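The lines below spell out each chain.
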Amino acid sequence: MGNSYAGPLKTARFEELLRNSIEASLRSSSLAPRPVFSQLYLEAEQQLAALEGGSRADNEEEEEGEAGLEPSCPPNPYQMHPPPEGCCTTDGFCQAGKDLRLVSISSEPIDVPAGFLLVGAKSPSLPDHLLVCAVDKRFLPDDNGHNALLGFSGNCVGCGKKGFCYFTEFSNHINLKLTTQPKKQKHLKYYLVRNAQGALTKGPLICWRGSEFRGRQANPSPCSSALFPPLDSSGPLAAFSGEPTPGTNPSIPVGAQPAGPAPDHPSLTAAAGPAVLNGKDSPKQQQLVKSKLSAVPRPSALGILSNSGPPKKRHKGWSPESPSAADGGYPQGGGNRAKYESVGVACMPQVGLVEPASVTFPVVASGEPVSVPDNLLKICKAKPVIFKGHGNFPYLCGNLNDVVVSPLLYTCYQNSQSISRAYEQYGASTIQPISEEMQLLLTVYYLVQLAADQVPLMEDLEQIFLRSWRESHLTEIRQYQQAPPQPFPPAPGAVAPVTSAQLPWLAGLAASSCNDSVHVIECTYSLAEGLSEMFRLLVEGKLAKTNYVVIICACRSAAIDSCIAVTGKYQARILSESLLTPAEYQKEVNYELVTGKVDSLGAFFSTLCPEGDIDILLDKFHQENQGHISSSLTASSVTKSASLDIGVAPVCTSYNLEAPHIRPFQLAVAQKLLSHVCSIADSSTQNLDLGSFEKVDFLICIPPSEVTYRQTLFHVWHSGVLLELGLDKEHVTKQRVEQYVLKLDAEAQARFKSFLQSSSQNPHTLFILIHDHAHWDLLSTVHNLCSQSDPSVGLVDRLLNCRELKEAPNIVTLHVTSFPYALQTQRTLISPYNEIHWPASYSNGTDLYPENKKYFGLSEFIESTLSGHSLPLLRYDSSFEAMVTALGKRFPRLHSAVIRTFVLVQHYAAAMMAVRGLSQMKKYTSVETLEITQNLLNSPKQCPCGHGLMVLLRVPCSPLAAVAYERLAHVRARLALEQHFEIILGNPSAGITVGKHFVKQLKMWQKIEDAEWRPQTYLELEGLPCILIFSGMDPHGESLPRSLRYCDLRLINSSCLVRTALEQELGLAAYFVSSEIPLEKGPRNEGLESDAEKPSSTDNEEEEPVTEGSTSEKRSPVKRERPRSRDSASSCRSSKASSSALCGETSAQPGGPLPGEQARSPTPCGPSEEGRAPGDKQRLRASQGPPPVISRHSPGLASQPDSSLKTSQRSVQVSVPSSSQLSSSGSSSLPTVPAAGTLALQASQCSMTKACQQPPVVFLPKLVYDMVTSTDSSGLPKAASLLPSHSVMWASSFRPLLSKTMTSTEQSLYYRQWTVPRPSHMDYGNRTEGRVDSFHPRRLLLSGPPQVGKTGAYLQFLSILSRMLIRLTEVDVYDEGEINADLREEADWHYVQLGDPWPDLELFRKLPFDYIIHDPKYEDASLICSHHQHVKSEDRGPPRRPEELHVRRPTARMRLSKYAAYNTYHHCEQCHQYMGFHPRYQLYESTLHAFAFSYSMLGEEIQLHFIIPKSKEHHFVFSQPGGQLESMRLPLVTDKSQEYIKSPTFTPTTGRHEHGLFNLYHAMDGASHLHVLVVKEYEMPIYKKYWPNHIMLVLPSIFNSAGVGAAHFLIKELSYHNLELERNRQEELGIKPQDIWPFIVISDDSCVMWNVVDVDGGGERSREFSWSERNVSLKYIMQHIEAAPNITHYALIGLRKWSSKTGSREVREPFSRCHVHDFIVLNVDLTQNVQYNQNRFLCDDVDFNLRVHSAGLLLCRFNRFSVMKKQIAVGGHRSFHITSKVSDSPVAIVPAQYICAPDSKHPFLAAPAQLLLEKFLQQHSHRFFPLSLRNQGHPVLLVDCYLNLGSQISVCYVSSRPHSLNISCSDFMFSGLLLYLCDSFVGAGFLKKFHFLKGATLCVICQDRNSLRQTVVRLELEDEWQFRLRDEFQTANAKEDRPLFFLTGRHI
């Protein structure tokens, strides 16, 4: 019998002691067991764990009573006594025959004696039933399985028999029919309770002790599930289960009324009020004081404590841990799972992590309950925060309102137990995680080193664990990093681990050095003992100096139980408040304001002032001053305002509102944005088709702040972006601007819908959706339960992540924020490549973007706190903090935000009164607040116009802001200060309200005439003396004016302990300072902060009574401790020592800027001694000695938090009236104090002068100040390593630290790797972590410091994007007038039919051929002489250098028409299919076909390859489908269809796979056409990639280095061969050979648009005619040409080249017989015997034109058609580079080196011989033809080939072919003869016809030296020409490159 394992029996007296104790307790009337039984709980715990080692893993069957045996031992046979004769033995009935089954008697009245409880017994033979029994509750355990008496006492509820003293006897009576030893632990299972209907139901499990050990083995990994609903407001719960505790209620605590404590349905319980316990009232109403604890039944939500089976006697209790399958689980767990996960994972106290204190936390619980004492909060002055640590955590009952329990530490431990992913590949068992003991010990070490004013951070702990783990496994980590993983890695070296036995001793040792701030409690059995002990010590006041209590229960060898209670008043308050979400924080504050709880605070303030209540003093002052103005301050202001009314405009030079302009930084960022958009468009993903957009439209989404809305409208209005974008052609109205800014409020959805509709209706407009302040409202619509009822929740997600926006191809989303961290998670939609970060202003010491203003941001503010700066701009107010701390102890139930607000308002009120003459009030404010108020009131006096400064008072909670506003306004009114400064309540949801008097002033200052004008943004308050009370939980991007001098952030709450919130608050003070004035010198000569109005203080403070709680003590100033950091309670540091001797202060290390703050100011911010030598600095500090006023670190002034409520009761009046004794926080570093004259001089200085020189002063709470200014070991500010945002959590504790040297990009990658969004985050649903396709392709993120100018940057981006789109729709085309136009003499014959659409063949034949080249690209070409021209040399200018040829060619920018040809960057819906690109289609398949034909001139068969896409195979003829290519189909001459173009188009191209204009879809107006790209073999793959749907003609590899002549040659020969094939094929179909279409088009790859001239002639030969030019499609031009009559009689047809300089002369005659270039229509039939020269690189078209003409064929140029050629800077003939064959030769090659003497040592060049020849002749032909230079009357004779000899030499072309047309040469005396590879048609007799000047030169060019000699002999050249050996040359080619050879000679 019994339920306790007694351990080893040490003495014989034990049994006697046991028996006596039982009897004594049975006789006792007390409900609680006698203390003597503590002797029975010996130290048996360690044996227990060992004995339980072999127990089963799953005890559910045993729980049901079916298998009650330990598997490790055989069952004991048990002999039941036979039942008495005649008694009932039916299962479920007692021996008297009465029904005991619960289902039968649940509604019957049962008599339960006092002290008894109804319980349910399980019978093995009736597994589905419970038998009702009445048992004395002294023999039942309490909730933790403790304190149950050994033995049994029970009654039968059936027959009423009483007094069963043995469970064996009782089990026989109720017919349990057991085969094993009867044990109450095994068979008494459940408490029975009555539900709301009064029926008896199964209640919670009876918590027998012992199963916790089984539970731990059976269920070693703790689950995390249910979150519990709050109780009714009268008794909220503070605890706790993190495990699935199924069912309804735990067992009732010892001391409760009989029967069980709750109904069976948890969903009903929370709403049911007090549970009815077996018909009696719950102990919630009956306070049971017998046990001196308030026993409160646990609510149903905690669930039934299931057990793992009846333990043996030695077990002390049941485990609550293993779930009972039979009980059906916990029904509410599932619904709350997601919410719990969001609660439990994060590891630091912060808003949004956990439910508020009034809601239970999911923490593991087991064992006996611990009762929270009544009045704990009243006694302790703060709610202790208990962090659940390792192992089991007991239940709490009683006064649960006064404790807060958090799972954060537990989660932190769990996270740190997980092995880093980096080492998982080596096997999880190789490197052990940090042990629980070591975790706890490190936690104690951490707590010990925390200062009294520091608050523990889970992130600090995580880093400590990580460092410890890394150090202990350094060798293994290095080994794994270096060596490949082994199958059996060696075990880590043996490091002596901390054992659980050593742990309490080591923890106590660690805590012994900290002066009781950490107290360690060691428990013997469970944490419940330690918690009870802690509560006892708290109540007794023994933990007054203790901040942390560490409770360790290390009695079991398997594991430890631990928890840590934060009992320090300061820490506990901050931690408990930080657990509230922003909504709960507002709710709590509202509740305190509405219920009047704050009245006690006001009453307390009124008692502080010995002169009476402040309001009484105010009224008195008001009455005294009514009717007359006594104050000089008022008088001066009234005079000033009177002078304003008179209209005498005083002048203030400091007040100049800057005109909006774009700064270099903003322009740089706008260009970066543009380049990112272009890179999206340029990528091969087809996500953005910039070429298809004609204009830009935009919408800016901003948070629902009226001021931000007006501010954004202002920026858009003044940027001129609407006019730039062409969105408003007429006058832009302000109402029009409002269409482009969307406030994300309730009405946003409709406007956003219309934006989406507009985007879908305008596919050619690119819409930019700018999401400004993008870190605001990241709530997910899906995961937020409230979203159905509240439309504003998750609005950003609903709008910006909607499917329509994501899929719209013409919307680019730009997120803009200063705090991008929440958008940089593992699941973000924004690609890291689409992030744009604000650039750093300095790189390697150079100023990248010189500006006259420098940005002053967070990093610069932090720098100002470092040593060397006398005036830190970041400060805290120690006296204010001390007051708040003391009041926090006095009013523990008030939220600290309420206390802080009331104290600060009180300080401001007292300061105003002090400035107005009530000097006694100086004792009731702080020096800082007095300084602010004095400067606020005095600043208008120092400016002739009355300009003043702004004080920003940040009050995040709107109700508190309203209270502050009303109070300050009341005080201002009573002090008659309404005309001196304005008080403005800045509420996000409302606009600005400013009094009429101040509006009048602002209008006058800003020269505004509009009578209706009111300021709508804070920027418009420039120069207005005012207090701006800025409310709202988050700033929404509101900008503040330059007149902001003080940024009072003393009221920001502890929720800002995340990086985003902290930087957001500090960002309010970000500022631009003038970079012309050094910042160190700025504040020194200021009248505002160094004048007589500054408060001062004496060393001799009176000893004031200090009120703390109800105790008073006196403390002299000497006893007060020196403040440990830079509070601004006094002016400055008194000495170097005071700043360096800070005990353990982390901020003493130099703290660098936050990594996010890249825009750094070059100069430190505050005044300092930078200019002096170090020795001077030391002397200066020494000479200051004890300052005349209290310095910042002087003991008298700065009181610690525990010193005084009235810390501000110092005498702050000036002790010595002379100005030499004055000092202030701005002037005490001066070696001499300014004299009175200086002050008078400064007094006239306007506060606006300072505004552009010095940033505002920022006051912070001490906690936040320490966070911002302290740095880690690397110099990184602590704030930067905080959790980045409330809406994300760390992915792992095993993350590296952020580094100080990280750039913004590296920080982004860090957060992308180490943070994950919470379930409430809108990115939570993006499951594809890290995959590229999970990023949205058209999303960009712009991040930059706050107030740096991001709005201006993105508005500028819109402007330049619009310009670029216009630029994309424009093209640079060559715009050159025709050359040699003046050489065109009046011919004998003109084409007189000016109106003819086509040339008349007979008339045209009579036209002479114009040999002159008029194409401007041949400006440097040799002039071709005919018998017409006699040109003077000076008519042609000097030659241009070849590199200048393309640089200087003039171009014009033209808007692309709808008929343009495009390159690969153009994608539009219409031509997607034509291009073969479409996201939904596969790339077009192509097939390769060989096509061979023989050509006699080459002496071999030519094999070409066609690449034919499947979609183009219908243009070709195959032997069979997919078989041999036979020919390319040609139409008939007689075809008249308008649906297609008859002529195949060939475009030779090289080096222009991206830029070549091969997309002819629009140019052909969609008409069917055959287009073939002619490419070199090595370029084929790249062209095929870019143009997959184009037919390619691939030249043989021997032409890889050939020029354009080879391509033209092969195109023409192939086309003629194909014409023959088609004639043969179609002849079989009955078609005549002459009917096959013989034309092809050869087009350059830069032809972009085509035009036609419309002529309106006045008559046939009238000189008066008008003409206009318009753009037409290539289809129009081709079909017009192809329709010409007698077209087959023309060999070459071309177009004029477009020029803006074209005059009527060029277009008067519709047709010309002249050279054609660039775009030609070639008759391959007529030109069969005229070939292109396949060797040519330059001028091959001129050469071909001359050959065609000399063959007697017609060339016709349509002058009314013109072609525009685009300037393309890459490819074409530029792709031929002439380099040395010696690769490392750096020397540039000049054209003179292109030829050399044969067999010389000249360096050979890597270039074709023909190219070297042509280039040499173009530049240096005068070396061969000296007589010809500038001698146009005596040209050089060219036979059969035109070569360009440069512009200074004229040539005459003749053909040696018989019957050819040549000019008459009888008139010419030639100055030279050039024979180039002459063939057999050139004979000696042919040359004899021509006459040469004496001394004329000859140049013969041949393939080799042998043929050179043969040519000389064959042509009998030596008869008339003289040759010398040294006159032989060759091109500078190696022998294998087949050089060309020259021979020159002179005419005899």
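Since we're looking at a predicted model, the values are computed, not measured.

Draft legend 1. Inspection of the overall build of the chain at higher detail. On a plain count of helices and strands, the chain comes out with 53 helices and 57 strands. The buried share among the 1948 residues of the chain stands at 61%. Here the chain displays about 76,300 Å² of accessible surface, and carbon together with sulfur accounts for 53% of that area.

Draft legend 2. Fine view of helix H40 (residues 1262–1269). The buried count for H40 comes to eight of eight residues, which makes it a mostly enclosed element. Along H40, the residues classified as buried are Lys1262, Leu1263, Val1264, Tyr1265, Asp1266, Met1267, Val1268 and Thr1269. Along its buried surface, H40 packs onto helix H17 (569–578), helix H29 (858–863), strand E21 (874–876), helix H30 (878–890), helix H35 (1059–1066) and strand E29 (1257–1260).

Draft legend 3. Quick look at the pattern of salt bridges. Tallied over the full model, the rule gives 59 salt bridges. With a closest N to O distance of 2.7 Å, arginine 536 and glutamate 533 form a salt bridge. Of this pair, arginine 536 and glutamate 533 both sit in helix H16 (residues 527–540), three residues apart, roughly one helical turn. We classify arginine 536 as partly exposed; its relative accessible area is 35%. Exposure remark for glutamate 533: the relative accessible area of 28% places this residue in the partly exposed category. Connected through salt bridges with shared partners, the residues Asp1415, Lys1417, Asp1644, Lys1697, Asp1718 and Lys1765 form a single ionic network.

Draft legend 4. The packing of helix H23 (residues 706–719) against helix H42 (residues 1350–1368), seen in detail. In contact at an axis separation of 10 Å, H23 and H42 are set at 45° when each is read in the N-to-C sense. Looking at the two axes, H23 sits oblique to H42. Considering how the two elements wind past one another, H23 and H42 form a crossing that is right-handed. Touching Thr712, His715, Val716 and Ser719 of H23 are Thr1351, Tyr1354 and Leu1355, all from H42. In the contact of H23 with H42, the residues fall into three nonpolar, four polar and no charged.

Draft legend 5. Quick peek at the state of the cysteines. The full count for this structure, using the stated rule, is zero disulfides. With no disulfide of its own, cysteine 133 lies 7.8 Å from the sulfur of cysteine 156, the closest cysteine sulfur. Taking the relative accessible area as the measure of exposure, cysteine 133 reaches 0% and is therefore buried. In this model cysteine 943 remains outside any disulfide bridge; the closest cysteine sulfur is found in cysteine 652, 3.5 Å from its own. Its relative accessible area of 1% is what places cysteine 943 among the buried residues.

Draft legend 6. Quick look at the sheet that holds strand E32 (residues 1339–1343). The strand order across the open sheet built from six strands is E14-E13-E15-E16-E32-E17, with neighbouring strands paired in parallel fashion. A single partner strand is all that each edge strand has here, and the edge strands are strand E14 (741–743) and strand E17 (835–837). Averaged over all pairs of adjacent strands, the angle between their axes in this sheet comes to 20°, without regard to strand direction. Bridge count between strand E13 (residues 695–702) and strand E15 (residues 765–772): seven bridges; the pairing is parallel.

Draft legend 7. Fine view of unusual backbone geometry. Residues other than glycine seldom take positive phi values, yet lysine 177 does so here, at roughly 55°. For lysine 177, the position within the fold is in the loop between helix H5 (167–173) and helix H6 (184–187). In the Ramachandran plot, alanine 976 falls in the positive-phi region, its phi being about 60° despite a non-glycine side chain. Relative to the assigned elements, alanine 976 resides in the loop between helix H33 (958–974) and strand E23 (982–986). Residue alanine 976 is classed as partly exposed on the basis of its relative accessible area, which comes to 31%.

Cut-offs used in this document
Residues numbered from 1 in each chain as written. Predicted model: local features only at pLDDT ≥ 70, side-chain atom pairs only at ≥ 80, totals over all residues. Heavy atoms only, no water. Helix = DSSP H or I, 4+ residues; strand = E, 2+ residues; numbered from the N terminus. Buried < 20%, exposed > 50% of the residue type's maximum accessible area, 1.4 Å probe, protein only. Areas by Shrake-Rupley, 256 points an atom, 1.4 Å probe, with all protein chains shown as cover. Contact = heavy atoms within 4.5 Å. Salt bridge = Lys/Arg side-chain N within 4 Å of Asp/Glu carboxyl O. Axes fitted to C-alpha atoms, helices over the stretch in contact; angles between N-to-C directions. Parallel < 35°, antiparallel > 145°, perpendicular 65-115°, else oblique. Left-handed = near helix turned anticlockwise from the far one by under 90°. Nonpolar A, V, L, I, M, F, W, Y, C, P; charged D, E, K, R; others polar. Disulfide = S-S within 2.5 Å. Pairing = 2+ DSSP bridges.

These figures come from the coordinates and say nothing about function on their own.
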